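Spelled out, the chains give:
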Amino acid sequence: MFSSASKKAKHSPSHQHVLDSTGILQAAKMGNWHAFHPKVEEMAGTMSFSDYDDLPPGRRFGVIHQLAYHGHRSALETLLRFHPQVNLKRLTVDGQSMRDVAEEEGAGTDFLDYLDDRLANQSHHELINLAKGGNWETFFVRLEQDDLPVERIDSIPEGRTWGILHHICYCGDMTVWERFLAAYPMANLELETYE
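The rules behind these values
Residues numbered from 1 in each chain as written. Predicted model: local features only at pLDDT ≥ 70, side-chain atom pairs only at ≥ 80, totals over all residues. Heavy atoms only, no water. Helix = DSSP H or I, 4+ residues; strand = E, 2+ residues; numbered from the N terminus. Buried < 20%, exposed > 50% of the residue type's maximum accessible area, 1.4 Å probe, protein only. Contact = heavy atoms within 4.5 Å. Areas by Shrake-Rupley, 256 points an atom, 1.4 Å probe, with all protein chains shown as cover. Lys, Arg positive; Asp, Glu negative; His and termini not counted. Charge placed at Lys NZ, Arg CZ, Asp CG, Glu CD. Phe/Tyr/Trp six-rings, centres within 6.5 Å; stacked < 30°, edge-to-face > 60°. Axes fitted to C-alpha atoms, helices over the stretch in contact; angles between N-to-C directions. Parallel < 35°, antiparallel > 145°, perpendicular 65-115°, else oblique. Nonpolar A, V, L, I, M, F, W, Y, C, P; charged D, E, K, R; others polar. Polar contact = N/O pair within 3.5 Å; in protein donor to acceptor, adjacent residues only side chain to side chain. pLDDT = per-residue confidence, 0-100. Disulfide = S-S within 2.5 Å.

## Let's talk about the overall build of the protein
Regarding its fold elements, the protein presents 13 helices and zero strands. Listing every helix and strand of the protein by position from the N terminus yields α-α-α-α-α-α-α-α-α-α-α-α-α. Each principal axis of the C-alpha atoms in the protein carries an extent, and together these give about 55 × 40 × 30 Å. Split into buried and exposed, the 195 residues of the protein put 42% on the buried side. Within the protein, counting contacts between residues at least 6 apart in sequence, those at least 24 apart form 69% of the total. When the accessible surface of the protein is summed, it comes to about 10,800 Å², and 50% of that surface belongs to carbon and sulfur atoms. Within the protein, the 29 negative side-chain charges are centred at a point lying 9 Å from the centre of the 18 positive side-chain charges.

## Some remarks on the packing of aromatic side chains
For the structure shown, the criterion picks out seven aromatic pairs. Relative to Phe-140, the ring of Trp-136 has its centre 6.4 Å away and its plane inclined at 40°; by these criteria the two rings are tilted. Of the two residues, Trp-136 and Phe-140 both sit in helix H10 (residues 136-146), four residues apart, roughly one turn of that helix. Phe-140 carries the same exposure label as Trp-136, and that label is buried. A centroid spacing of 5.0 Å and a plane angle of 85° characterise the contact between Phe-139 and Phe-140, whose relative ring orientation is edge-to-face. For Phe-139, a relative accessible area of 0% translates into the label buried. Site record: aromatic cluster; members linked through ring pairs are Trp-136, Phe-139 and Phe-140.

## Comments concerning the packing of helix H4 (residues 33-42) against helix H7 (residues 73-82)
Interhelical geometry of H4 versus H7 gives an angle of 5° and a closest axis separation of 9 Å. The angle between H4 and H7 places the two elements in the roughly parallel class. The segment H4 lies against H7, with Trp-33, Phe-36, His-37, Val-40 and Glu-41 engaging Ser-74, Ala-75, Thr-78, Leu-79 and Phe-82. For the contact of H4 with H7, a count of residues per class yields six nonpolar, three polar and one charged.

## Here's the deal with the side chain of His-167
In this structure, His-167 sits in helix H12 (residues 164-171). Setting aside residues up to four positions removed in sequence, His-167 forms contacts with Ile-128, Ala-131, Lys-132, Trp-136 and Trp-162.

## Considerations on the environment of Tyr-184
With respect to the helices and strands, the residue Tyr-184 is situated in the segment after helix H13 (174-183). On the basis of relative accessible area, Tyr-184 is assigned to the buried category, the value being 8%. Sequence spacing of Tyr-184 and Ala-27 is 157 residues, and the spatial spacing of their C-alpha atoms is 43 Å. For Tyr-184, the residues in contact, after removing those within four places along its chain, are Leu-143, Asp-147, Leu-148, Pro-149, Val-150 and Ile-153. At 2.4 Å, the side chain of Tyr-184 forms a polar contact with the backbone oxygen of Leu-148.

## A look at the confidence of the model for the protein
Confidence in the prediction of the protein, expressed as mean pLDDT, is 91, and 93% of residues score 70 or more. Low pLDDT, under 50, characterises residues 1-12; the predicted model gives this stretch 11 contacts beyond four residues in sequence or across chains.

## Remarks on the state of the cysteines
Scanning the entire structure with this criterion turns up zero disulfides. Here Cys-169 stays free of any disulfide, with the sulfur of Cys-171 as its closest cysteine sulfur at 8.3 Å. By relative accessible area, Cys-169 is classed as exposed at 51%.

So this is what it looks like as structure tokens:
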């Protein structure tokens, strides 16, 4: 665990960001996958997902954007295996999404399909967090924006015990139920928890 002093040093101008000092960002930028995979694995116990969410000072792209630039699925799979909470929605300095970069650089269908699935998974987790916290106004705005298929809504993502439906049921507010069922009338109301 970093102390506040070491966190400051990690991001201060006189010290390199951990993504630069470890060479992980450079390996991703150069498409050096023989270096990237072992570095991510080696640093898994030291670095957290939030380190990968950063754009180091002076950098336009983060690691995820470099992976999208190259359209390299196995590198993204490696990153998500060790850090499944990485924010795949993080924008570049220029405001481009990971998908924008991948499309602009001509990434293949295999990469784009995998990325879309991972983005939907991230949205699903975010919606569950909002439901768990009872943040219903934001939940319904995001539910409409994210437009997840009913099959995703009817599932419980890996690492969770409850899905969206269970948190709605737990809150016991009929208004929330009615709004949800208006958006997803085909939802599986018999979905069981992992308990």
